[in-house]
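# Working through the structure, step by step
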Amino acid sequence: MRKNFKTILTALAALSLLILTFAIYSCCEDCPVGPVQPKPYKGWLYATDFESEWLYKIDTETDSLVDSVQYTTGEIYNPGAIGVSADGQYLSVSYHDTYLTDRLTIIYDAQTLDEIHRLEGGYGPLFITDENLYIGFAYDSIHFYSLPGFDRIYSDSTPSLGLPVLRSDMNLIYLYGVLNPASFDSTFIAAYDYKNREISDQWFIHDSRDSLVTIYAYDIHPDGRRLYCVTLSKYDGINITCYDLQEREMIFQTPFSTTTGSLKISPDGQEMYVTYPGYFMQYEIPGIVFVFDTETGNYIGGISLHGQIDGYPSAPLYAREIVFTPTGGKAYIGSGRLSQGSGTVSAIDTREKRITKNIWPDMGHFIGFLCIGPKK
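Anyway, here's the lowdown on the structure attached to this text. What you see is a predicted model; the values in this text were computed from it and never measured.

Both trends apply: most residues other than glycine have a negative phi, and most peptide bonds are in trans. Following L147, the chain continues to P148 via a peptide bond in cis, the omega torsion being 10°. Inspection of the secondary structure assignment puts P148 in the loop between strand 10 (141-146) and strand 11 (151-156). At N132, a position not held by glycine, the phi torsion is positive, near 55°. You can call N132 partly exposed: its relative accessible area is 45%. Within the chain, K353 stands out as a residue other than glycine whose phi angle is a positive 55°. Its location among the elements puts K353 in the loop between strand 26 (345-349) and strand 27 (354-358).

Bringing the state of the cysteines into the picture now. Summed over all chains, the structure comprises 0 disulfides. Sulfur of C229: no disulfide; nearest cysteine sulfur belongs to C242 and is 8.6 Å away.

A few words now on the pattern of salt bridges. Throughout the structure, instances matching the rule amount to 14 salt bridges. For E247, the salt bridge goes to R225, with nearest N and O atoms at 3.5 Å. Of this pair, E247 sits in the loop between strand 18 (237-244) and strand 19 (249-255) while R225 sits in the loop between strand 16 (214-220) and strand 17 (226-233); the two residues are 22 residues apart in sequence, bridging distant segments of the chain. A relative accessible area of 29% places R225 in the partly exposed class. Taken together, the salt bridges that share partners define one network made up of D59, E61 and K375.

Here we take up the environment of V274. With respect to the helices and strands, V274 occurs in strand 21 (residues 271-274). Sequence-wise, V274 and Y218 are 56 residues apart; in three dimensions their C-alpha atoms are separated by 10.0 Å. V274 has contacts with I240, F256, S262, L263, I288, V289, F290, F292 and I322, leaving out every residue within four places of it along the chain.

Y174, I189, Y218 and L227 are the most contacted members of the largest nonpolar core, which has 18 residues in total. Elements represented by at least two residues in this core include exactly strand 12 (161-167), strand 13 (172-180), strand 14 (185-193), strand 16 and strand 17. Counting residues per element, this core draws most heavily on strand 13, which supplies 4 residues. Setting aside chain neighbours within four positions, we find I189 in contact with Y174, L175, Y176, D201, Q202, W203, I215, Y218 and L227. By size, the runner-up hydrophobic cluster in this structure holds 17 residues, among which are V69, L91, L104 and I106.

Attention now moves to the packing of aromatic side chains. Counting across every chain of the model gives 24 aromatic pairs. Judged by centre distance (5.7 Å) and plane angle (70°), the rings of F50 and F366 are edge-to-face. Here the residue F50 occupies a position in the loop between strand 1 (43-49) and strand 2 (55-59), and F366 occupies one in the loop between strand 27 and strand 28 (367-374), the gap between them amounting to 316 residues. Of the residues examined, F366 reaches a relative accessible area of 12% and is grouped as buried. Where Y174 meets W203, the ring centres are 6.2 Å apart and the plane angle is 35°; that geometry is what we call tilted. Of this pair, Y174 sits in strand 13 while W203 sits in strand 15 (residues 198-203), and the two are 29 residues apart along the sequence. The residues Y174 and W203 share a single accessibility class, namely buried. Put simply, the rings of Y90, Y123, F127, Y134, Y145 and F150 touch in pairs and so form one group of aromatic residues.

Rules of the game
- Residues numbered from 1 in each chain as written.
- Predicted model: local features only at pLDDT ≥ 70, side-chain atom pairs only at ≥ 80, totals over all residues.
- Heavy atoms only, no water.
- Helix = DSSP H or I, 4+ residues; strand = E, 2+ residues; numbered from the N terminus.
- Buried < 20%, exposed > 50% of the residue type's maximum accessible area, 1.4 Å probe, protein only.
- Disulfide = S-S within 2.5 Å.
- Salt bridge = Lys/Arg side-chain N within 4 Å of Asp/Glu carboxyl O.
- Contact = heavy atoms within 4.5 Å.
- Core = buried A, V, L, I, M, F, W, Y, C linked by side-chain atoms within 4.5 Å.
- Phe/Tyr/Trp six-rings, centres within 6.5 Å; stacked < 30°, edge-to-face > 60°.

By themselves, these figures tell us nothing about what the structure is for.
Written out as structure tokens, the structure reads:
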């Protein structure tokens, strides 16, 4: 009898354990849990510094500086526009001397910063690795080079200003153009077909009185249909403008305060970040990264740039360049003004909308350009 009773107790214990395990498993599967923090993007952030004239490589997993390089030939050259290939193999950096009389572009190994090749002229770069192409954009021309040898295979006289925006799924590169560079009016956005090597379309934006606006910072929505830009009109003032490229019509305008910042759309297409470094040679700035809803143009909130400089709680960072990690979990903001010693690269948590780290807490930098590529 005792033996049977012991057997029954053992069976009941086993059954209870099974039920408890099932309950715990069911809760883990069905019950709501807290948000899972995504892992940091495994890549490199590249930054050019106009103040110190260095090119920096920063680890996006730890937000720490890991390498740097400076180009000098008796005279130190300023680094300018940069771009990295999607496969993490090449990094292109343009350089110019103090008087802008000598320009060149250096191609680096994106993982080691070892020099691979040099090109004549300073280029705004794009790599299209599935086509084995490197395209260099100059003020008055576009130049095609084949990879991996960087042999020039084609050039044309299409002018372009600012950094191009690539849509490889559409075989298009969006360019910023000016019909009259002397007066900087009649600005437009053009779609350049890099397969056929020609402009396939262009857009001029008009204000409420049908006058042309001047376009400044711009980006293209991931859907390939919407253009977002900062515009200036003598009738409508300064606005954040959303424009439908297919319907060729305005979607919305949101009043803004300056034309000198940068504008970038988040990888998921839901948010638009805009910086405000203030007007040239003036120093009053709000110290905020503005975040807007891309569907409505409504203001979502701001990311404060005050309190980042030790001993000066009211002093803001002079924010300029913006770049997102491909996963969208972080944005990096480059800041600084020439001879102000007030800049750094700030890592921003895009979910919490706050600065999590300054790469250089002691400032002293003027960040010109940023780009992000993968680790290999």
